[in-house]
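Structure at a glance
Single-letter residue listing:
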Amino acid sequence: MCGIVGYVGGDEALPVLLDGMRKLEYRGYDSAGVAVVADGDIGVVRKAGHLQALVDELGATSLPGSLGIGHTRWATHGAPTDLNAHPHRDCSGKVAVVHNGIIENHDSIRAGLRSQGHKLTSDTDTEVVAHLIESILAAESCSLREAVQGAIEKLEGAFALVCVAAGEPDCIVAARQEAPIIVGAADGMGIVASGIPALLAYTRNVTPLDDRQIAEVRAGSVRIFDFEGREQSVETVMVEWSLDAAEKGGYEDFMLKEIFEQPAALRDTMRERFRSLGKVTLDEVHWSTEELARITKIVVVACGTSYHAGMMAKHSIEHWTRIPVELDLASEFRYRDPVLDEHSLVIGIAQSGETADTLAAIRFARRMGAKVVAVTNVVGSSITRDADAILFTHAGPEIAVAGTKTFLAQLAALNILALYLAQERGSMPPAKIAETIDAMRALPEQVDEVLAAQGEINRAAKRYAGARDFLYIGRGVGMTVAMEGALKLKEISYIHAEGYAAGELKHGAIALVEPGVPVVAILTGVSPLYDKMLANVEEVRARGAETILVAHPGDERARSLANELFEVPITKPLLTPVLDTVTLQLLAYFIAKEKGLSPDKPRNLAKSVTVE
Ligand code: M6R
């Protein structure tokens, strides 16, 4: 949540800040602001609304100076107004701060500062930090880094803070406690950001700060300290994402581009893991076959779309390995007193690698002695420090708030893990494993076939864009697809949608069905349950619903019951979510477009949810 960028170097800072903020706007877009240090002063411009509103506000103002910070906000404390937009300053206007996170004790700090005569002008939790730094700089002769260190001693909560001071026009100070911040330096410049896409144009060797670290970033150099002021070694990770991947590349929206990048995301996620014929290679999982054999249960924890990937994984893991799988929303997991021990394997899934609840869940699991595997798309993200093994998805940067290509890549990674466990534990015959690998290898081309139907899906979207409620129903892995399809529609089109187990419908939700309500039903991959699914479709039709069916080619029974029919190629039943989901992503996307909404930046949401 919140996009942060800082730049120091030989060029004008403002264009670099705006470019980085544009790349990180997916992290928050209710207001934006910049601060540039020059001539012993800090120029600040802030504006409520999307980044474009700030650009319009800046107009011809160039805010000259070669050191600055910028912020795109996702509001936690204080409404999204000009006054609450970051950067925030102290009384003198000589210190400026941007922040992502929540400072939990800001009320008491604010009261203390006010009693010392400080004038605070916003409703945010962030502003107190600028005033704390001001107090320390006034009282002691110290550097900005030391003043930030002193200020954060007083803070409780989660934060990534980036600070500048007019008195130190060559240095940016960044600090991290449970919220991501990355720093980097190249020839003659230093850069700080809350997400990798903002740094890609300048360097691929980046240093994600660890918890309780402070960085001092200057042109060409980075120094890292802990919260006690001890200097630390600077460890860099190499980012392979291409610069183009964070651009729209001719597509109208990032979401559409990312939907179309799914074949590549699948290929890239599978390539290395299927390099030996008929076998799964998972270099990332270092446990011995004996240790893997001792696993007695698996718990999957995740949020949102990643949770739906986990729901799918429950089916394949249980079917292929016969290990029982529990599935938990990460926000609930550690509060329910779960039973875990050293024979439990916990799989934490987070495309961003920064979701606060998922991080807390896997930390809890490790404390309980469980083995933890993280599935993530972001190198250097927080989850990579908290897990015993990391399974990267190779989807490239995902900018649209709605998860699409990272979801498909997660499905691939989780199926790979399930097959690997089956292979190592001997729970699946090698020939079956080889056959499943072949089926997975065919998926990218099959996704292309689904994508080719975009015209038809767009036409159907126009027909249903006016609906108030949607129901999505499925059985088995089809239920996963229904849940994910409904979430996609809700988040980008603001239409109420529920994903439901088809068999559960008549226990309550069928009361919502009336003439005109579209019901999306997943008829693929359910062979033993196919007739039951069709019966459910008949039931909703009998109550006046319009049916949008996802079925395999040549399914005439489905066609006879469909107001709209979308065909997806045949694959193994457990792999059908990969194909069905693409249809429903396109349906949600085109409905949002028909309603004139921006699918990339849905209201109230942020790409990476770094607060609980
Ligand atoms: O980064 P994560 O995968 O942990 O994110 C979890 C959810 O916040 C995320 O999937 C959210 O539901 C997306 N908006 C889904 O499109």
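Residues numbered from 1 in each chain as written. Predicted model: local features only at pLDDT ≥ 70, side-chain atom pairs only at ≥ 80, totals over all residues. Heavy atoms only, no water.

When its secondary structure is counted, the protein shows 19 helices and 25 strands. A compact globule built from 612 residues would reach a C-alpha radius of gyration of about 25 Å, and the protein, at 25 Å, matches this within 12%. In terms of overall dimensions, the protein has C-alpha extents of about 80 × 55 × 45 Å along its principal axes. For the protein, the residues scored as buried account for 61% of the 612 residues in total. Pairs at least 24 apart in sequence give 71% of the contacts found in the protein among residues at least 6 apart. In the structure as shown, the protein presents an accessible area of about 21,900 Å², 49% of it carried by carbon and sulfur atoms. Mean positive and mean negative side-chain charge positions of the protein (60 and 82 charges, respectively) differ by 3 Å. (Helix = DSSP H or I, 4+ residues; strand = E, 2+ residues; numbered from the N terminus. Rg over C-alpha atoms; globule rule 2.2 N^0.38 Å. Buried < 20%, exposed > 50% of the residue type's maximum accessible area, 1.4 Å probe, protein only. Contact = heavy atoms within 4.5 Å. Areas by Shrake-Rupley, 256 points an atom, 1.4 Å probe, with all protein chains shown as cover. Lys, Arg positive; Asp, Glu negative; His and termini not counted. Charge placed at Lys NZ, Arg CZ, Asp CG, Glu CD.)

Its domain assignment divides the protein into domain 1 (3–239), domain 2 (247–441) and domain 3 (454–594). Using C-alpha coordinates to define each centre, domain 2 is positioned 26 Å away from domain 3. Contacts between the two partners involve 28 residues from domain 2 and, on the opposite side, 23 residues from domain 3. Inspection of the region where domain 2 meets domain 3 yields 3 salt bridges. We note a salt bridge from lysine 593 to aspartate 253, for which the minimum N-O separation is 2.9 Å. Summed over the shared surface of domain 2 and domain 3, the result is 9 residue pairs in polar contact (both at pLDDT 80 or more). When residues of the side of domain 2 that touches domain 3 are traced back to their parent elements, those giving at least two are helix H6 (254–260), helix H7 (262–270), helix H9 (304–321), helix H13 (405–425) and helix H14 (430–451). For the side of domain 2 that touches domain 3, the per-class residue count stands at 14 nonpolar, 11 polar and 3 charged. (Domains from an automatic or database assignment. Salt bridge = Lys/Arg side-chain N within 4 Å of Asp/Glu carboxyl O. Polar contact = N/O pair within 3.5 Å; in protein donor to acceptor, adjacent residues only side chain to side chain. Nonpolar A, V, L, I, M, F, W, Y, C, P; charged D, E, K, R; others polar.)

In this section: helix H11 (residues 356–367). Because an α-helix completes one turn every 3.6 residues, residues spaced three or four positions apart along the sequence face the same direction. In this model H11 runs 17 Å from its N-terminal to its C-terminal C-alpha over 12 residues, within 8% of the 16 Å that 1.5 Å per residue would give. Taken across its 12 residues, H11 has 9 buried, putting it largely inside the fold. Among the residues making up H11, those that are buried are Ala356, Asp357, Thr358, Leu359, Ala360, Ala361, Ile362, Phe364 and Ala365. Of the surrounding elements, those touching the buried residues of H11 are strand E16 (297–302), helix H10 (330–333), strand E18 (344–349), strand E19 (371–376) and helix H12 (383–386). Where H11 terminates, the next one or two residues include glycine 369, which has phi positive at roughly 95°. (Expected span 1.5 Å × (residues − 1).)

Below, the discussion takes up the sheet that holds strand E10 (residues 189–193). The 8 strands are arranged E3-E2-E4-E1-E10-E9-E11-E15 in an open sheet whose pairing can be described as antiparallel. Of all strands in the sheet, those with a lone pairing partner are strand E3 (41–48) and strand E15 (237–238), marking the two edges. Most of the contacts of helix H1 (residues 13–24) go to strand E1 (residues 3–9), to which it runs at about 155°, and overall it touches E1, strand E2 (31–38), strand E4 (67–73) and E10. Helix H2 (residues 51–58) contacts E2 and E3 of the sheet and is inclined by roughly 130° relative to E3. (Pairing = 2+ DSSP bridges. Axes fitted to C-alpha atoms, helices over the stretch in contact; angles between N-to-C directions.)

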